[in-house]
Structures are given as C-alpha cells and as structure tokens.
Amino acid sequence: MKTNTLMKTLFGAVLALSLLAQAQADDKTPAGAKKVDPSGTYIWTTPGRNGGPDRTNTLTLKLDGDKLTGNIKTPGRGGREMETPIADGKITGSDISFIVTRKFNDNTFTNTYSGKFADGTIKGKTQYQRNGEDQSHDWEAKKQ
C-alpha cells in the first residue's frame, strides 16, 4: 500500500514538473531566449531637410503571436502628418525588422528598418534608395 501511494506521489510530481517546463518553454523564443514584446509607441527625431527643424517620427507596434504590425507617422509637406502602415514586420529574439512604403507624385519610396529591442529602445539602421544609390542611417526610437 505504501508503494502505491509513493508511486502516485512521484507520478504527480513528475506531471507537475513537466507542465511547468512546458509553460516556461512556451514563453521562450528559439535558443532559449526570453520572448520579447515590443508592443507600444516609440518616438525618435531626424534632422530636418536643408537645415530645417528636426522631424519627430512616431512608430506604433503591436505583437500578435509572431506577427508584428503597426504604423509610422511622419511629418509631411505643409505640416501634415502622414501615417503609413508597416509591412513584413518580424521579430526574432530581440531583432526587429519591417518595411515602410510611401507614394508621392507617382514615385514609390521604400525604407527597410531593422534594429535590436532592449530596455524600451530600438536601435538600428534604416536602408533606402535615393537618386538610384543605396543609403542608410542609424535610428534610435524610445518607447513612450
């Protein structure tokens, strides 16, 4: 009788530990890193054109499972704010990337953003073409 009770207790303990291990595994990304959620609103500034005032950019991100969605608001011509959805949003560990495509006067402009998320900040590079040449610059957005 004691052996039967001991076996039931051991079985219960093993079951509880396996459920705990599974719950922790579900909260991890590959390679055992803690899953990162960059959801929120971020702000950063870029220098104005031709020595004009700095431009404030606002990025809103939402993580839904493994899908990263959101939009970016940038100052437009005439003081209007332009809002553009992000596309192809991805997060792997703390690495974030997405694409923003804008149209102006029958021209299409595509910026590819990439960076690392840590401590409420995304630091990275944006890449684009200007006058047929590949360009890039650093960007650093802070969560609000």
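Residues numbered from 1 in each chain as written. Predicted model: local features only at pLDDT ≥ 70, side-chain atom pairs only at ≥ 80, totals over all residues. Heavy atoms only, no water.

Structural notes on the pattern of salt bridges
Where side chains of opposite charge bring their charged atoms close, a pairing between them can arise. Note the threshold: Salt bridges, as used here, are contacts in which a Lys or Arg side-chain nitrogen is within 4 Å of a carboxyl oxygen on Asp or Glu. Relative accessibility decides the category of a residue: with a 1.4 Å probe and only protein chains considered, values under 20% of the type maximum give buried, values over 50% give exposed, and everything between is partly exposed.
Enumeration over the complete set of coordinates arrives at four salt bridges. In this structure, the salt-bridge partner of D88 is K90, at a minimum N-O distance of 3.4 Å. With a relative accessible area of 45%, D88 lands in the partly exposed category. Looking at K90, the relative accessible area reads 43%, which means it is partly exposed. In this structure, the salt-bridge partner of D138 is K125, at a minimum N-O distance of 2.6 Å.

What to know about the layout of surface pockets
How we decide: Cavity: a set of points on a 1 Å grid over the protein atoms alone where a 1.4 Å probe fits but cannot get out. Pocket: an open set with protein on both sides within 12 Å along at least five of seven lines, its lining residues, like those of a cavity, having an atom within 4 Å of a point. Grid points are joined across faces, edges and corners, and a volume is the space filled by probe spheres set on the points. Secondary structure follows DSSP: runs of H or I at least 4 residues long count as helices, runs of E at least 2 residues long count as strands, and numbering of each begins at the N terminus. Under the scheme applied, nonpolar residues are Ala, Val, Leu, Ile, Met, Phe, Trp, Tyr, Cys and Pro; charged residues are Asp, Glu, Lys and Arg; polar residues are all the others, including Gly.
Of the voids in this model, the largest pocket is the one considered here, and its volume is about 1,100 Å³. Taken together, 26 residues form the lining of the largest pocket, with R49, R55, R102, N111 and R130 sitting closest to its centre. Elements with a contribution of two residues or more to the lining of the largest pocket: β1 (40-46), β2 (55-64), β3 (67-75), β6 (95-104), β7 (107-118) and β8 (121-130). By residue number, the principal contributor to the lining of the largest pocket is β7, which donates five residues. In the lining of the largest pocket, the residues fall into eight nonpolar, twelve polar and six charged.

So, the packing of aromatic side chains
Under the convention used in this document: Classification of ring pairs uses Phe, Tyr and Trp, with its six-membered ring standing for Trp, and accepts pairs whose centres are within 6.5 Å; under 30 degrees between planes counts as stacked, over 60 as edge-to-face, and the remaining range as tilted.
Counted by the stated rule, this structure contains six aromatic pairs. Ring geometry for Y42 against F117: centres 6.3 Å apart, planes inclined by 85°, an arrangement best described as edge-to-face. In this pair, Y42 sits in strand β1 while F117 sits in strand β7, placing the two residues 75 residues apart along the sequence. Aromatic side chains Y113 and W139 sit 5.1 Å apart centroid to centroid with 80° between the ring planes, which places their arrangement in the edge-to-face category. Of this pair, Y113 sits in strand β7 while W139 sits in strand β9 (residues 133-143); the two residues are 26 residues apart in sequence, bridging distant segments of the chain. A residue is classified by how much of its surface remains accessible, and W139, at 4% relative accessible area, is buried. Taken together, the aromatic side chains of W44, F98, Y113 and W139 make up a single cluster linked through ring pairs.

Don't take any of this as a statement about function, it's just geometry.
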